[in-house]
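A look at the structure
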Amino acid sequence: MWFKNLQIYRLSAPWAIDLAKLDEQLARGEFTRCPSNQPMSRGWVSPRQDGALVYASDRQWLIALAIEQRLLPSSVVNETAQERAEQIADQQGYAPGRKQMKEIRERVTEELMPRAFTRKRKTFVWIDPQNGWFCVDAGSQAKAEEVIEHLRNCLDDFPLKALHTQRSPQSAMADWLAGGEAPAGFTIDRDCELKAVGEEKAAVRYVRHPLGDEVGGEIKSHLAAGKLPTRLALTWDERISFVLTEKLEIKRLTFLDLLKEEAEKSAEHADEQFDADFALMTGELARFLPQLVEALGGEQAEAAPVDGSVPPWEA
């Protein structure tokens, strides 16, 4: 249940939709198994497998998008198509042209698709409708866009915006590293990546390495030479550790053992454990995100809307 990544967006606060209406509109795009003749299927599933498409606890919501894909390697298609092309060449006396090869590959794909194995994955989304947080547990913005696109197809109104802060994460991280100190409430951990802005994109990485003292001097030299931080490991309030990226993504999100122990103490069986985990996680994130935004200079008054056809980092 504990999220491992955060792609962070903003909703109009409070979001003017009630729980029943959200569940009803999500049902328009409920998940069905991938048909034998299609490469992919996606839709909403119950986050805790109790039938409800929205899990709600203390005004916090959780939804889950399932994506099932048929695994048909291109190498298998190409090999089978080549064998078919050789047979056709023997029959017609000359090798198939480009257009005919394309048709052969399409026919082979259609024939092999029903026999392909399937793989299913889920992407979870935490929604705080009162405070306007919309966070996707995804390691890339592309996977978050899958969720957003499907939501736009289901909801009557979806006022989602990209999160923009007064200071860019890259600028703020550079200042923290140059000064050797994170903002109040945060500490710098042992991972960092810096990249040059030139064509070669020369990079320097420090992994599980103390960033103070001698290494701190090296980092300052890299900053002075024009390299900029793209990732920095931080800990917030001794409760959450994470890696902040230049795109304002949260990666390697880890809730420290103390929090998980608190959840385990308050739960006696699996359902109660789910409830406790979600309550503690969302409670911590609701405190963490405003402080992260404050550390980046505060939120910009007007954030760009996230259009279904434009990635938020290009908006």
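Not measured: the values here are computed from a predicted model. (Residues numbered from 1 in each chain as written. Predicted model: local features only at pLDDT ≥ 70, side-chain atom pairs only at ≥ 80, totals over all residues. Heavy atoms only, no water.)

Quick word on the overall build of the protein
Formally: Helix and strand assignments come from DSSP, with helices taken as H or I runs of at least 4 residues and strands as E runs of at least 2, each series counted from the N terminus. A simple rule labels every residue: compare its accessible area, found with a 1.4 Å probe on the protein chains alone, to the largest value its type can have, and call it buried under 20%, exposed over 50%, or partly exposed in between. Two residues qualify as a contact provided that any one of their heavy atoms is within 4.5 Å of a heavy atom in the partner residue. Areas reported as accessible are Shrake-Rupley estimates using a 1.4 Å probe. Residue values count occlusion only from the protein chains shown.
A count of helices and strands for the protein gives 8 helices and 12 strands. With the principal axes as the frame, the protein shows a C-alpha extent of 75 × 55 × 40 Å. When each of the 315 residues of the protein is scored for burial, the buried share is 45%. Partitioning the contacts of the protein with sequence separation of at least 6, the portion at a separation of at least 24 is 68%. Of the roughly 16,700 Å² of accessible surface on the protein, 46% is carried by carbon and sulfur atoms.

Quick word on the nonpolar core
Spelled out, the test is: Take the buried Ala, Val, Leu, Ile, Met, Phe, Trp, Tyr and Cys residues and link them wherever side-chain atoms come within 4.5 Å; each set so joined is a nonpolar core.
L6, W176, F242, I250, L253, L285 and F288 are the most contacted members of the largest nonpolar core, which totals 46 residues. Setting aside anything within four residues of it in sequence, one finds F288 in contact with F186, W236, I240, F242 and I250. Core analysis: the second largest hydrophobic core is formed by 26 residues, L22, L65, F134 and V147 among them.

Re the pairing of strand β1 (residues 7-11)
Our working rule: Being paired, for any two strands, means DSSP has found at least two bridges between them.
Within β1, 5 of the 5 residues are buried, leaving the element largely enclosed by the surrounding structure. Alternating residues of β1 divide into Q7, Y9 and L11 and I8 and R10, and every residue in both groups is buried. Summarising the sheet, β1 and strand β6 (residues 133-136) pair through 4 bridges and their orientation is antiparallel. In the sheet register, R10 faces β6, and the bridge partner there is W133. As paired elements, β1 and strand β7 (residues 160-162) share 3 bridges and run antiparallel to each other. Bridge assignment links Y9 to a residue of β7, and that residue is A162.

Examining a negative patch on the surface
The cut-off we apply is this: Only residues whose relative accessible area exceeds 30% and that form no salt bridge are eligible for patches; like-charged ones are grouped when within 9 Å, while nonpolar side chains (Val, Leu, Ile, Met, Phe, Trp, Tyr) are grouped when within 5 Å. The salt bridge definition used is simple: a Lys or Arg side-chain nitrogen within 4 Å of an Asp or Glu carboxyl oxygen. Just so you know, the count uses Lys and Arg for positive and Asp and Glu for negative, and it drops His and the chain ends. Here the site of a charge means atom NZ of a Lys, CZ of an Arg, CG of an Asp or CD of a Glu.
A cluster of like negative charges, contributed by E79, E83, E86 and D90, occupies part of the molecular surface. You can see E79 is positioned in helix α2 (residues 74-92).

A short note on the pattern of salt bridges
A full pass over the atoms with the stated rule returns 13 salt bridges. The partner of R33 in a salt bridge is E68, and the shortest N-O contact between them spans 2.8 Å. Note that R33 is positioned in the loop between α1 (19-26) and β2 (40-45) and E68 in strand β4 (residues 60-71), a separation of 35 residues in sequence. The class for R33 is exposed, based on a relative accessible area of 56%. Classification of E68 by relative accessible area gives buried; the value is 2%. Notably, a salt bridge pairs D175 with R167, separated by 2.3 Å at the nearest N-O pair. For D175, a relative accessible area of 44% puts it in the partly exposed group. When its relative accessible area of 27% is taken as the criterion, R167 is described as partly exposed. Among the charged side chains, a network of salt bridges with common partners joins D237, R239, E284 and R287.

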